[in-house]
Amino acid sequence: MEDKQVKKAKLNNNNPNWGKQRATNVTFQAHHVSRNKRGQVVGTRGGFRGCTVWLTGLSGAGKTTVSMALEEYLVCHGIPCYTLDGDNIRQGLNKNLGFSPGDREENIRRIAEVARLFADAGLVCLASFISPYAKDRKNSRSIHERAGLPFFEIFVDAPLYVCESRDVKGLYKKARAGEIKGFTGIDSEYEKPEAPELVLKTDVCSVNECVQQVIELLQERDIVPVDSYAEIKELFVPENKIDLVRADADTLPALEIGKVDMQWVQVLAEGWATPLNGFMREREFLQSLHFGCLLDGGLINLSVPIVLTAMDEDKERLDGCTAFALVYNGRRVAILRNPEFYEHRNEERCARQWGTTCKEHPYIKMVMQSGNWLVGGDLQVLDRIYWNDGLDQYRLTPRELKQKFKAMNADAVFAFQLRNPVHNGHALLMQDTFQQLIERGYRRPVLLLHPLGGWTKDDDVPLIWRMKQHAAVLEEGILKQESTVVAIFPSPMMYAGPTEVQWHCRARMIAGANFYIVGRDPAGMPHPETKKDLYEPTHGAKVLTMAPGLLSLEIVPFRVAAYNKQKKCMDYYDPEKHEDFDFISGTRMRKLAQEGVNPPEGFMAEKAWAVLTEYYKSLEKM
């Protein structure tokens, strides 16, 4: 009975001091995984990179804009990163806090602790907060310093009048009207950082320039590795040495090269194959052939071997030389120094690069007929390469393209490679990509219309006629001239499908593109014997989304477009309305052009079709 009379004490959750108690009976639990070990598996680049980049400044200064662009850049380059943004945090973790001085202090304290956890996990944590008080920012730094983690304070500095003129959220207007009290910069003080690691002047610098300044800071502090692609490696002889090198070339033994070899010399010289120093040596060749990448100095996508062949007699004559000249059309165009000869196992090369050894494949035929030796070495190219075909003004190098995009204030560059005439289905995809980028917040997307300008098979439309057709498409306003750059990519076409499309993609990445449109059956062709697709048409796009070393590019997948007979225009195919669509193949398009028959209205720009018809008529006169 006595036991039954004992009453249990009731738990009381209404104690007014309950939430004010300090936690005293807690012990820090050490992780079993070290930061170095975590750094080996977080992201695609080894090494611990955990840190916090704290962006502070007035509302409207550009903190969020810079932070989101920086996050995109870092993630695209294989650096794990996450942005903590003021508005986002106040919708969750800190939704119970207001804007009193005490609440603001607690807001920043919580954020600093969360940022420390992100940094300790090996991420670059970007904290984008007004954080108006110097003592709060100092405390945030101390939280990281006690944990042994780097902390970078970045002052996003824009004058108040600039921030007010932006006023994207309309907050300044409300603050001036007295609808918001305690608004930083109006009736609440912002304490400027006295010694930040970096100051970003967003009133005079573009978003891309600001991002680059932060990247340079992080590179200096060994957070972000210097990218192998960052510096384009051109192989032209410097002007101050050209006379000396040219005189040297005149005294050296020589190797005659053909037109396709010369096109590869141009590719190397202009930096499209950065970081190659010249034609591949055996180690580079094996890495490219077996792994699709260069492995020395980081993983670098290079899916096609860039090699120079030599006959038995050339090898016998030149092996042992410290250098020899390359001669094209009787002119010495380059020097190959410290050459390395190694066996050209052409059948094995074809089997791995093309997935077939069919000798009727046009590029495989050239490989099988070439020499028994490959020769690599360091290339010195004597002059800029011109073809004097009226198109040299379009042959912009990667460096020149980057400069052009910068002059256009481009904040996104999307590339479209083609070896065929542009019809309105292609244009639809490019127009749609432009609009998607605008909706994602980009202000000045630029299209790089980049036709392949090297060797192509005999039944492809020649470059000169393709360029005329592209000009007609622009002239008719199908694509916007003011936001389009037309240039020529100097590479030969290999018709190696998904293997080659990686090369096409990474070359545009070198030139500054950060979006790449991939079409149906890129770099493909019918099998020379069976006439079926040599490669599965969707594999090119699928491979690009998985390919190593292409992280700084976002792949824009191809959507099937066909002629909509009801709308009388090219439209995205709807399987539920199959009967409304007409699929006009390249073969049918060529037949119509050859016969001088106009295609359905809306299939291709009128002037562009006229160019194509003119080309096929010119063949009849030959």
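The shown structure was predicted, so the numbers you read here are calculated from the model rather than taken from an experiment.

Here is what the cut-offs are and how they apply
- Residues numbered from 1 in each chain as written.
- Predicted model: local features only at pLDDT ≥ 70, side-chain atom pairs only at ≥ 80, totals over all residues.
- Heavy atoms only, no water.
- Buried < 20%, exposed > 50% of the residue type's maximum accessible area, 1.4 Å probe, protein only.
- Helix = DSSP H or I, 4+ residues; strand = E, 2+ residues; numbered from the N terminus.
- Arc of directions from axis to C-beta.
- Contact = heavy atoms within 4.5 Å.
- Core = buried A, V, L, I, M, F, W, Y, C linked by side-chain atoms within 4.5 Å.
- Pairing = 2+ DSSP bridges.
- Axes fitted to C-alpha atoms, helices over the stretch in contact; angles between N-to-C directions.
- Parallel < 35°, antiparallel > 145°, perpendicular 65-115°, else oblique.
- Left-handed = near helix turned anticlockwise from the far one by under 90°.
- Nonpolar A, V, L, I, M, F, W, Y, C, P; charged D, E, K, R; others polar.
- Disulfide = S-S within 2.5 Å.
- Salt bridge = Lys/Arg side-chain N within 4 Å of Asp/Glu carboxyl O.
- Polar contact = N/O pair within 3.5 Å; in protein donor to acceptor, adjacent residues only side chain to side chain.
- Phe/Tyr/Trp six-rings, centres within 6.5 Å; stacked < 30°, edge-to-face > 60°.
- pLDDT = per-residue confidence, 0-100.

Moving on to helix 14 (residues 346-354). All buried positions along helix 14 are accounted for by N346, R349, C350, Q353 and W354. Projected onto a plane normal to the axis of helix 14, the buried residues spread over an arc of 95° and lie on a single side. Those residues of helix 14 that are buried lie in contact with helix 12 (282-291), helix 15 (362-369) and helix 19 (497-510). A positive phi of about 75° marks G355, the residue just after helix 14.

A few words now on the nonpolar core. Core analysis: the biggest nonpolar cluster contains 80 residues, and F279, L326, L379 and W503 have the highest contact counts within it. Of the residues forming this core, the biggest block, 7 residues, is contributed by helix 11 (residues 259-270). If sequence neighbours within four positions are ignored, W503 has contacts with W264, V267, W272, A273, L302, S303, V304, I306, F489, S491 and M494. Within the second largest apolar cluster, 45 residues are counted, among which are L418, V422, L447 and L449.

Ordered by their spatial adjacency, 5 strands build an open sheet running 6-10-11-12-9, and the pairing between neighbours is mixed. Each edge of the open sheet carries a strand with a single partner, namely strand 6 (254-256) and strand 9 (309-310). Direction of pairing for strand 6 relative to strand 10 (residues 323-328): parallel, over a ladder of 3 bridges. Bridge pairing in strand 10 links L255 to L326. Taken strand by strand, helix 10 (residues 242-251) contacts strand 10, strand 11 (331-343) and strand 12 (373-381), and its axis lies near 65° from that of strand 11.

Here helix 19 crosses helix 20 (residues 539-546) at 55°, and the two axes come no closer than 9 Å. Relative to helix 20, the element helix 19 is oriented oblique. Here helix 19 runs over helix 20; the crossing is right-handed. In contact with P498, V501, Q502 and C505 of helix 19, helix 20 contributes H539, G540, V543 and L544. Considering only residue class, the contact of helix 19 with helix 20 consists of 5 nonpolar, 3 polar and no charged.

Another aspect to go through is the pairing of strand 2 (residues 81-85). The element strand 2 is extensively covered by neighbouring structure, given that 4 of its 5 residues are classed as buried. As defined by bridge partners, strand 2 adjoins strand 3 (residues 124-128) across 5 bridges and the pair is classed as parallel. Note that in strand 3 the partner of L84 across the bridge is A127.

This brings us to the state of the cysteines. Across all of its chains, the model carries 0 disulfides by this definition. Not engaged in a disulfide, the cysteine C163 finds its nearest cysteine sulfur in C210; these two sulfurs lie 13 Å apart. Its relative accessible area of 0% is what places C163 among the buried residues. Summary of cysteine pairing: C210 is not part of a disulfide, and the nearest cysteine sulfur, belonging to C205, is at 5.1 Å. Accessibility expressed as a relative area gives 1% for C210, which makes it buried.

Moving on, we get to the packing of helix 21 (residues 586-594) against helix 22 (residues 606-620). Where helix 21 contacts helix 22, the two axes come as close as 8 Å, and the packing angle between them is 70°. Relative to helix 22, the element helix 21 is oriented roughly perpendicular. Residues M589, R590, L592, A593 and Q594 of helix 21 form the contact with helix 22, whose participating residues are W609, L612, T613, Y616 and E620. Residues belonging to the contact of helix 21 with helix 22 are distributed by class as follows: 6 nonpolar, 2 polar and 2 charged.

A word on the pattern of salt bridges. Enumeration over the complete set of coordinates arrives at 40 salt bridges. A salt bridge links E164 to R176; the shortest N-O distance between them is 2.6 Å. With E164 in helix 7 (residues 160-166) and R176 in helix 8 (residues 171-176), the pair connects residues that are 12 residues apart, well separated along the chain. The class for E164 is partly exposed, based on a relative accessible area of 25%. The network of salt bridges with shared partners includes R137, R141, E153 and E197.

Time to look at the environment of E529. Take E529: it is sitting in the loop between strand 16 (515-517) and helix 20. The exposure class assigned to E529 is exposed, which follows from its relative accessible area of 56%. Taking C-alpha positions, E529 is 52 Å from I215, a pair spaced 314 residues apart along the chain. Beyond its immediate chain neighbours, meaning those up to four positions away, E529 contacts C358 and E360.

Glancing now at the side chain of T56. Mapping T56 onto the fold places it in strand 1 (residues 51-56). For T56, a relative accessible area of 0% gives the class buried. Among the polar contacts listed, one links the side chain of T56 to the side chain of Y190, at a separation of 2.8 Å. Among all residues touching T56, those that are not within four sequence positions of it are K63, F129, I130, S131, R137, E153, I154, F155, V156, Y190 and P193.

A full pass over the atoms with the stated rule returns 19 aromatic pairs. Judged by centre distance (6.1 Å) and plane angle (50°), the ring pair of W264 and W503 falls under tilted. In this pair, W264 is assigned in helix 11 and W503 in helix 19, connecting sequence segments 239 residues apart. As far as burial versus exposure is concerned, W264 and W503 are alike and both buried.

Next up on the list: helix 12. Among the residues of helix 12, F285, Q287, S288 and L289 are the ones counted as buried. The secondary structure elements touched by the buried residues of helix 12 are strand 7 (293-294), strand 11, helix 14 and strand 12. One or two steps after helix 12, the chain reaches G292, where phi turns positive at roughly 70°.

On average, the protein scores 89 in pLDDT, and the residues at 70 or more come to 92%. Low pLDDT, under 50, characterises residues 1-29; the stretch is placed with 2 contacts to residues that sit more than four places away or in other chains.

Turning to the sheet that holds strand 16, a few remarks are in order. The 5 strands lie next to each other as 15-14-13-16-17, forming an open sheet whose pairing is parallel. Only two strands of the sheet have a single partner each, and these edge strands are strand 15 (484-486) and strand 17 (554-556). Sheet twist, expressed as the average angle between the axes of neighbouring strands with direction ignored, equals 25°. Of the strand pairs in this sheet, strand 16 and strand 17 are connected by 3 bridges, and their pairing is parallel. Along strand 17, the bridge assignment pairs I517 with V556. Of the strands in this sheet, strand 13 (412-416), strand 14 (445-449), strand 16 and strand 17 are in contact with helix 19, which crosses strand 16 at around 145°.

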